[in-house]
Amino acid sequence: MAHLFQGHRIRLLCSCGLLKSITAIYFCRHCLKLRCSNCVSHEVDTLFCPNCLENMPSTEARLKKNRCANCFDCPSCGHTLSTRATSIQTPSPEDPSKTVARKVYYLACTSCRWTTRDVGLKDQTVATGGWVEQDNEHYKHLQSLLEHYRSVAQHEKLEREKKRFSHRKSSYLSLSDKYSLPSTLGRKTLTSLSPFAHKGDVSQSSEMTPLTATSEVEGLPEDIFTEEVVLSSVTTMEQRLSSPEWQPERTADLYPLHKHILVKRSLRCRHCEHNLSKPEYNPSSIKFKIQLGAFYHVPEVRMVHQVELKSGVESNVQLSLCNPTPHDMTVALLPFVPEASDITLQKAGEDSVEGSSLSTSGLVRVVEIPAEKTDLFPTADVALPQGQLILAARDDTAEYDDQESSPSYKDDPQVVAWRRANKVGVDLLVTPKPDAAYGRVGFVLRYDYTNTVATASESRTVTLNIPVMVDVGPITQS
Amino acid sequence: MPLYEGLGGIGLINEKNTTVVLDIGSAYTKAGFAGEYGPRVITRSEVKCRETGQTVPVFQYKDQDELRHHLVDFIHKLYFRCLLVNPKDRRVVVVENLLCPSLIRNVLSKVLFRHYEVLSVLFVPSHLVALMTLGISTGLVLDLGHQEATLMPIYEGVVVFHAWQALPLGGRVIESSLSDLLLDRAVAVTQDGSEHRLSTLMKDMPDKCLEDIKVRTCFVTTLERSSRLQSNKYDRSVEPPPPPTSVSYPLEGRHILTVPGTVRELAAESLFERDQDGLTLATMILDALLKCPLDTRPKLAENLVILGGTASMKGMKHRILAEVRAAAASEHYRHNLPIASFKLHHPPAKDNYVSWLGGAILGATEAVMLRSLPRDQYLVNDVVPDWCNLSFNTCEERDEKCA
C-alpha cells in the first residue's frame, strides 16, 4: 500500500525548472503557473516565542535581539529551562531575631539537571525575569569606534558632494584639471593614503583611542602540563557558540540563554506579488489565511499499483487522476516534450492571461532567478491514452453517497479504466529502454483550469499544460 | 549641496532595515547586524544537500549550480532561523577574504541579488576591516582559519597586496594530525571492558569528534618544550619533557578513549613544522615584512594582529610570537630584516569574530551607501566588481575615482 502515498514518485515540473512533488508546489492563481519554494520570495510574517507562544512585534524583537524575555534555554544542553521555587529562611524585617520563610526561584534544566545554582547565580525573588544580563566588556571602546567611523564616513560623503558640486562649476577648466595635478588630489595623497582616515580637518573627529599592541601575550597557564583535565568542566564548541559574544570556556561560566524566537513565513509570487501562502497571525494556530498549494488546484496524479518493469517488455501502469477543484475538468495526456518546446506550449496556453497578471503587478520589475537544470530524460517509452476525458468536480458529499451518481459521462473505454466520484483511472503502456536501471516516464498533463480570480475581460477557463515525471520503479533485466 | 542629505543619511542608519553583516567561513559562519557588538549567531557552515539529504559543508561542491543551491539553502537558514528579518530590500555587508575564489564570490552575489533581492551588497576585505575594531590603520593581519592561514599587511588603510602570504595551515591541519596521532598511539576501552588500540576499532575518526577533542583538550605548547620534543625525536638520549596528563574521552557513547598527554601537546605542532619549502607561520610573517617597503616594516612589526578561530587555541598567539622572534634572530633573516620588536594587538572581541566585528562597524556607517554595489547595477550586467578583474581595476578607473 505504501506506494500509494509515495508522493515523491510523481513529480511536477515547476516553472523554475525543478521537479517537485505536488505537496511541495504552489499554484499561483494570478500567473497560472506552478511555483515552488525555490522560486517564490519568502517573507517573515510573525515572530513568536516557541515556548510561551507569545507574539512579538518586530520592533521589540529587534531590541531584544530576537530573544524571548521570559523563557530561557539551558546553556549546557539547549533544553528549555523551567523555573523552580523553593523557600529559604531569612531574618524577618521587623524582628531580626526571628526567621521567616521566603520563596525564591531559580532555573533548572529537566533534561541535564543544570541549574543556575551550579554556576553561582543568586536565586531570584520573583518568578519571572530579574536575571541580570551580561554586558559586552568592550562596550565603551566599540561605541567610541562606531562614532568615530561614522563621522569619518560622513566627512567622506560631504567631501564627495563638495567635489561633485565644484566639478560641475569648473567645467571650463576641466582640461587643466585633467593634465595637471588637481589640488584636491595632491592634498589627498600627501595627507594620507587611507580611505578611512581623516582628510584635512581633524576637528570633526570624535573621541577615539586606538588600542595599543603589547610585546607580551598571555601564555599557557602554569599548571597545564600537570593539571588533570576534567572534561565535564570544559565547554564544547556548541556551548561556547550559543553565546557568541562571551564564548565561555569553562562550564562554571555558563549563563542561562534567552530563548531564540521563531518566525512564521509567508510566501509571495515573485512575478505578480500575490501571496501564495500566509499563515494566521496567532502563533498557536497552524492554519493559513491563504494557502495556494498545488494540491488544491492541479489534478493530482498517483500510481495505483506498483508495477514490475522488465527491460524491453511492455507493461501496464495504471494512474489515477483526481480533481481537487469544484469545477469539471477536461484532461488529456500529451507526450512529454523537452524543455524548450514545453515552454512554448505553456506560453500558448498562457498568452490569454498575460494581460491580467500584468495589470495586477503594474510596474514591478521581476528579478529572475537563474534557471534550474534538471535531468528530464525519460528512461522508458510510454504509450499514452489518446483523447480527452472529463474529471468530475470534487464533491465532498460524494464519499457518503452509496449510489453511483455520475453515470452521465460518455467515457471512451480506451482511455478511462475506471471512474469513481472525482477520480479517474487511466492506463499507460510503459516499455523500458534497454540498459536502463530505473523506469522513468514523462508526459504533459493538459487540463482546463477554471479561473477563480474573476476578471471580466477573459474567458473563465484556461488550458494549462504541466509536465509530469513518473518514477515507475526499478527495471529487472530479462 | 542638498540640505536634507544629512537627515536622510541618519535615517538610513537608524532605520529598521539594519544592514546585515555576513562572514561565511569554511567551518563557521558569523552573521548579525551592523552596529552591534557581536554576531547574533555563529553557526557551522553546513547545509543539507538537496539530492542526498545529508549534511555537507557549504563550500564542498561539484559545480556552480550545486554551490548555488548550497548557498541558497544556507542563506535561507541564516535569514529565517537566525536573523529573522526579510532579506528583500535590505543591505548586506559580506566580509570576504581577498583570496576568496571568484567563483564563490560571483555565486554568492548571484544568490543574494537574484534569489533574495537584497538592496545592495558590499564586499569588504576581512583583513582590512579587522583593523577597524582596533581603531588603527596599519597592521600585519594574520587570519588563522579552518582551511588556511592568510596574511595581509595593511599600511595606512591600504592593503599591501603584493606581500600577501597564504599557507594551508589551519584548524583542519591540526585535526588531521590529531587523527593520525590518536590512531597511532591511543587506546580505547570498549563496552566489555577490554582495551584495544584505537586503530583496530575505527579506520578514521569523525570530524566532529576530532574538533571536540581539539577544542577541549589540546593546546599549543611552548617553543622551549617543542624544541626539546623535536630533539628527542632525532636523538633519544635527550630527555623529553614530562608529558601532560592524559584525558579520558567518551567516544561515540560506546568507547572510552584515552587521549595521551603527548597527543594533546603535539597535535598543534603541525602548524609550526616547516614544510618542504621551509615555510611556516613564522616565516609567513617575516616574508611578508620583507616584501613590504623598507620604511613600513618596523611599524608593521609592531602592529601584528592574529585572528580567526584557530587563533583562540590555548597558547597559540604566544607561540606564534615566540616563533617569529626566534626566526627573526636566525641566520636567514637577521641581516635582511633587522627588526627589534614585534608587538601583538588584542582585538576587543573573541578571535573568531574579529573580522565580522570590523564589518559590523563599517556597515553601520554611511560608507555602506557610498561604496556598495546596488541591485540595479548588478542586474544590468550580472557582474560584481573584483580586484582581480581588469575591467574594473584599470588605471583609468582608479584615476577617475581619485579625481
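Residues numbered from 1 in each chain as written. Chains lettered and ligands numbered in written order. Predicted model: local features only at pLDDT ≥ 70, side-chain atom pairs only at ≥ 80, totals over all residues. Heavy atoms only, no water.

Within an unreviewed UniProt entry, the label attached to chain B reads Actin-related protein 10, and the organism entered is Chionoecetes opilio. UniProt annotates chain B under Sequence similarities (unreviewed entry) with the comment "Belongs to the actin family." (UniProt positions renumbered as here; feature names shortened; annotations may be inferred.)

Per an unreviewed UniProt entry, the recorded name for chain A is Dynactin subunit 4, and the organism is Chionoecetes opilio. The UniProt entry for chain A carries the following comment under Sequence similarities (unreviewed entry): "Belongs to the dynactin subunit 4 family."

Undergrad: Please explain the overall build of chain B as it appears in this structure.
TA: On a plain count of helices and strands, chain B comes out with 17 helices and 17 strands. Since a compact globule built from 403 residues should have a radius of gyration of about 22 Å, the 23 Å found for chain B is in line with a globular shape. Expressed along its principal axes, the backbone C-alpha trace of chain B runs to roughly 80 × 55 × 35 Å. Classification of the 403 residues of chain B by burial places 57% in the buried group. Counted over contacts in chain B with a minimum sequence separation of 6, partners at least 24 positions apart contribute 66%. About 16,800 Å² of surface is accessible on chain B, with carbon and sulfur atoms providing 53% of the total. Distance between charge centroids for chain B: 4 Å, based on 44 positive and 48 negative side chains. (Helix = DSSP H or I, 4+ residues; strand = E, 2+ residues; numbered from the N terminus. Rg over C-alpha atoms; globule rule 2.2 N^0.38 Å. Buried < 20%, exposed > 50% of the residue type's maximum accessible area, 1.4 Å probe, protein only. Contact = heavy atoms within 4.5 Å. Areas by Shrake-Rupley, 256 points an atom, 1.4 Å probe, with all protein chains shown as cover. Lys, Arg positive; Asp, Glu negative; His and termini not counted. Charge placed at Lys NZ, Arg CZ, Asp CG, Glu CD.)

Undergrad: What am I meant to see in the domain arrangement of chain B here?
TA: The accessible area lost on association of the parts is a frequent measure of interface size. As far as domains go, chain B holds domain 1 (3–132 + 351–402), domain 2 (136–170 + 274–334) and domain 3 (174–271). Once you take the C-alpha centre of each, domain 1 of chain B and domain 3 of chain B turn out to be 39 Å apart. (Domains from an automatic or database assignment.)

Undergrad: I'm lost on the packing of helix α10 (residues 281–291) of chain B against helix α12 (residues 316–328) of chain B in this one. Help?
TA: All names here are of chain B. Put simply, α10 and α12 touch, their axes get as near as 8 Å, and they point 60° apart. The orientation of α10 with respect to α12, classified from their angle, is oblique. You can see that α10 and α12 cross each other, and the crossing is right-handed. Where α10 approaches α12, its residues Leu 281, Ala 282, Ile 285 and Leu 286 are matched on the opposing element by Ile 320, Glu 323, Val 324, Ala 327 and Ala 328. Taken together, the residues of the contact of α10 with α12 sort by class into eight nonpolar, no polar and one charged. (Axes fitted to C-alpha atoms, helices over the stretch in contact; angles between N-to-C directions. Parallel < 35°, antiparallel > 145°, perpendicular 65-115°, else oblique. Left-handed = near helix turned anticlockwise from the far one by under 90°. Nonpolar A, V, L, I, M, F, W, Y, C, P; charged D, E, K, R; others polar.)

Undergrad: Explain the pattern of salt bridges to me, please; I cannot follow it from the model alone.
TA: One side chain can pair with another of opposite charge once the charged atoms of both are near each other. In this structure the tally under the stated criterion is 39 salt bridges over all chains. The closest approach of N and O atoms between Asp123(A) and Arg117(A), which form a salt bridge, is 2.6 Å. What makes Asp123(A) partly exposed here is its relative accessible area of 23%. Residue classification places Arg117(A) among the partly exposed positions, given a relative accessible area of 39%. Between Glu265(B) and Arg225(B) there is a salt bridge, with the nearest N and O atoms lying 2.6 Å from each other. In this pair, Glu265(B) is assigned in helix α9 (residues 261–266) and Arg225(B) in helix α8 (residues 223–234), connecting sequence segments 40 residues apart. One continuous salt-bridge network, built from bridges that share partners, spans Arg270(A), Glu273(A), Lys88(B) and Glu117(B). (Salt bridge = Lys/Arg side-chain N within 4 Å of Asp/Glu carboxyl O.)

Undergrad: Which parts of the structure should I look at to understand the interface of chain B and chain A?
TA: At the interface, 99 residues of chain B touch 83 residues of chain A. Between chain B and chain A the total buried area reaches about 7,700 Å² when both faces are included, carbon and sulfur atoms providing 59% of it. When residues of chain B are sorted by the area they lose upon contact with chain A, Tyr37(B), Leu84(B) and Arg216(B) head the list and together hold 11% of the total. Summed over the shared surface of chain B and chain A, the number is eight salt bridges. At the boundary of chain B and chain A, one finds 27 residue pairs in polar contact (both at pLDDT 80 or more). Broken down by element, the side of chain B that touches chain A gets its largest block of residues, nine residues, from helix α2 (residues 64–83) of chain B. (Buried area = accessible area lost by both parts, 1.4 Å probe. Polar contact = N/O pair within 3.5 Å; in protein donor to acceptor, adjacent residues only side chain to side chain.)

Undergrad: I tried to follow a negative patch on the surface on my own but got confused; where do I start?
TA: All names here are of chain A. On the surface, a cluster of negative charge is made up of Glu 222, Asp 223, Glu 227 and Glu 228. Counting through the fold element by element, Asp 223 comes out in the loop between α4 (183–191) and α5 (237–241). For Asp 223, a relative accessible area of 36% corresponds to the partly exposed category. (Patch = residues over 30% accessible without salt bridge, like charges linked within 9 Å, V, L, I, M, F, W, Y side chains within 5 Å.)

Undergrad: Which parts of the structure should I look at to understand the pairing of strand β14 (residues 300–303) of chain A?
TA: Residues and elements named next belong to chain A. Burial along β14 is one-sided: the residues Val 301 and Met 303 are buried and none of Glu 300 and Arg 302 is. For β14 and strand β16 (residues 315–322), the ladder comprises four bridges, and the chain directions are antiparallel. Each bridged residue has a counterpart across the sheet, and for Val 301 the counterpart in β16 is Leu 321. (Pairing = 2+ DSSP bridges.)

Undergrad: Help me out: how do you make sense of the sheet that holds strand β5 (residues 40–48) of chain A in this one?
TA: Strand-to-strand pairing in sheets goes through backbone hydrogen bonds, with the strands running parallel or antiparallel. Residues and elements named next belong to chain A. The sheet built from five strands is open, its strands ordered β6-β5-β11-β12-β13 with antiparallel pairing. Each edge of the open sheet carries a strand with a single partner, namely β6 (55–56) and β13 (288–291). With three bridges connecting them, strand β12 (residues 275–279) and β13 associate as antiparallel partners. Each bridged residue has a counterpart across the sheet, and for Ser 277 the counterpart in β13 is Gln 291.

Undergrad: What's the story with the side chain of Asn66(A) in this structure? I'm lost.
TA: Tracing the sequence through the fold places Asn66(A) in the loop between α1 (58–63) and β7 (67–73). Take Asn66(A): its relative accessible area is 4%, and that puts it in the buried class. Beyond its immediate chain neighbours, meaning those up to four positions away, Asn66(A) contacts Ala61(A), Lys259(A), His260(A), Ile261(A), Arg40(B), Cys82(B), Leu83(B) and Leu84(B).

Undergrad: What exactly am I supposed to notice about the nonpolar core here?
TA: As a rule of thumb, nonpolar side chains are buried together in soluble globular proteins. Residues and elements named next belong to chain B. Core analysis: the biggest nonpolar cluster contains 63 residues, and Leu 182, Leu 198, Leu 257, Ile 320 and Phe 342 have the highest contact counts within it. Top element by residues in this core is α10. It accounts for seven residues. The residues that make up this core include at least three from each of domain 2 (136–170 + 274–334) and domain 3 (174–271). Once you skip the residues sitting within four places of it in the chain, Leu 198 turns out to touch Leu 182, Leu 183, Ala 186, Val 187, Ala 188, Met 205, Leu 251 and Leu 257. (Core = buried A, V, L, I, M, F, W, Y, C linked by side-chain atoms within 4.5 Å.)

Undergrad: Just checking my understanding: could you explain the state of the cysteines for this structure?
TA: In protein chemistry, a disulfide is the covalent bond that joins the sulfur atoms of two cysteines. Within this structure, the stated rule accounts for zero disulfides over all chains. Looking at the unpaired Cys77(A), the closest cysteine sulfur is the one in Cys109(A), lying at 3.5 Å. Residue Cys77(A) is classed as partly exposed on the basis of its relative accessible area, which comes to 38%. Distance from the sulfur of Cys49(B), which forms no disulfide, to the nearest cysteine sulfur (Cys36(A)) is 16 Å. (Disulfide = S-S within 2.5 Å.)

Undergrad: Explanation requested: the sheet that holds strand β17 (residues 373–374) of chain B in the structure shown.
TA: Residues and elements named next belong to chain B. With respect to topology, six strands assemble into an open sheet ordered β3-β2-β1-β6-β7-β17, the strand pairing being mixed. Taken across any chain shown, the strands that pair with only one partner, and hence form the sheet edges, are β3 (41–44) and β17. Pairing of strand β7 (residues 120–125) with β17, which is carried by two bridges, proceeds in the antiparallel orientation. By the bridge assignment, Val 121 is partnered in β17 with Leu 373. Contacts from helix α3 (residues 102–115) reach β1 (20–24), β6 (91–96), β7 and β17, with the element oriented near 150° to β7.

Undergrad: Just to check I follow, could you spell out helix α7 (residues 207–217) of chain B for this structure?
TA: An α-helix turns once per 3.6 residues; consequently, residues spaced three or four apart project the same way. Along α7(B), nine of the 11 residues are buried, which leaves the element largely enclosed by surrounding structure. Along α7(B), the residues that are buried comprise Cys209(B), Leu210(B), Glu211(B), Asp212(B), Ile213(B), Lys214(B), Val215(B), Arg216(B) and Thr217(B).

Undergrad: I tried to follow unusual backbone geometry on my own but got confused; where do I start?
TA: Excluding glycine, residues mostly have negative phi values, and the peptide bonds linking residues are mostly trans. Residues and elements named next belong to chain A. Even without glycine at this site, Asn 66 takes up a positive phi of about 60°. Within the chain, Arg 113 stands out as a residue other than glycine whose phi angle is a positive 70°. Relative to the helices and strands, Arg 113 is located in the loop between β9 (99–109) and α2 (139–169).

Undergrad: Can you walk me through the pairing of β7(B) in this structure?
TA: Walk down a regular strand and you will see the side chains alternate between the two sheet faces. Residues and elements named next belong to chain B. Most of β7 is tucked away: six of the six residues are buried. Burial along β7 is two-sided: Ser 120, Leu 122 and Val 124 and Val 121, Phe 123 and Pro 125, pointing in opposite directions, are all buried. Both β6 and β7 contribute to a ladder of six bridges, which runs parallel. Pairing of Val 94 across the sheet is with Phe 123, part of β7. Taken together, β6, α3 and β7 form a β-α-β motif whose crossover is right-handed. (Right-handed = clockwise from strand over helix to strand, strands pointing away.)

Undergrad: Would you explain the confidence of the model for chain B in this entry?
TA: Close inspection of predicted coordinates is inappropriate for parts of the model with low pLDDT. All names here are of chain B. On average, residues of chain B score 89 in pLDDT, and 94% of them are at 70 or above. Predicted confidence is poor over residues 1–14, with pLDDT under 50, and the contacts of this stretch with residues over four places away or in other chains come to 13 contacts. Confidence estimates for the predicted assembly give a pTM of 0.89 and an ipTM of 0.88. (pLDDT = per-residue confidence, 0-100.)

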